Amino acid sequence: MDDLYLEIITPEKILFDGPVGLVEVPGSMGRFVLLRDHAPIISTLTKGKIRVIGKDGYEHHFECKEGVLECHDNHTVVLMNELPGENKADL
């Protein structure tokens with residue numbers, strides 16, 4: 001089966017691009033988790049942390065001011081309109 005693939009993109013740069021085991025996001029209606037084979041979804045995002053567990057087992061965190069997420073066929077794209085602060089991944 002295909003891995004869940006994640007892209008986190010801002011107008012300035014690509015923050016993350018690769019296979020993951022889990023993505024947790026601050027949805028407008030509350031936090032939710034995406035795993036492999038998640039049903040197709042489009043959601044707006046609010047201020048909060050995006051938590052990513054990579055296929056290597058390492059956990060990464062990204063700040064989100066607001067944005068939108070689309071997930072279908074094990075491909076998730078998070079578009080954020082700006083970087084809050086420096087928005088560094090905690091490796």
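Up top is the structure.
Presented here is a report on the structure given in the accompanying data block.

Rules used in this analysis
Residues numbered from 1 in each chain as written. Predicted model: local features only at pLDDT ≥ 70, side-chain atom pairs only at ≥ 80, totals over all residues. Heavy atoms only, no water. Helix = DSSP H or I, 4+ residues; strand = E, 2+ residues; numbered from the N terminus. Buried < 20%, exposed > 50% of the residue type's maximum accessible area, 1.4 Å probe, protein only. Contact = heavy atoms within 4.5 Å. Areas by Shrake-Rupley, 256 points an atom, 1.4 Å probe, with all protein chains shown as cover. Salt bridge = Lys/Arg side-chain N within 4 Å of Asp/Glu carboxyl O.

Here we come to the overall build of the protein. Of the regular secondary structure elements, the protein holds 0 helices and 8 strands. Put simply, the protein runs from its N terminus to its C terminus through helices and strands in the order β-β-β-β-β-β-β-β. Here the protein holds 91 residues, and 37% of them are scored as buried. Counting contacts in the protein only where the partners sit at least 6 residues apart, residues at least 24 apart contribute 51% of the total. About 5,300 Å² of surface is accessible on the protein, with carbon and sulfur atoms providing 54% of the total.

Going through the model one piece at a time under the given rule, you end up with 5 salt bridges. For the salt bridge of D3 with K55, the shortest nitrogen-to-oxygen distance reads 3.3 Å. In this pair, D3 sits in the segment before β1 (4–9) while K55 sits in the loop between β5 (48–54) and β6 (59–64), placing the two residues 52 residues apart along the sequence. Take D3: its relative accessible area is 35%, and that puts it in the partly exposed class. In this structure, R51 and E59 form a salt bridge, with 3.6 Å as the shortest nitrogen-oxygen distance. The exposure class of R51 is partly exposed, given its relative accessible area of 22%. Linked by salt bridges that have partners in common, E24, R31, R51 and E59 make up one network.

By themselves, these are just geometric observations and shouldn't be taken as functional.
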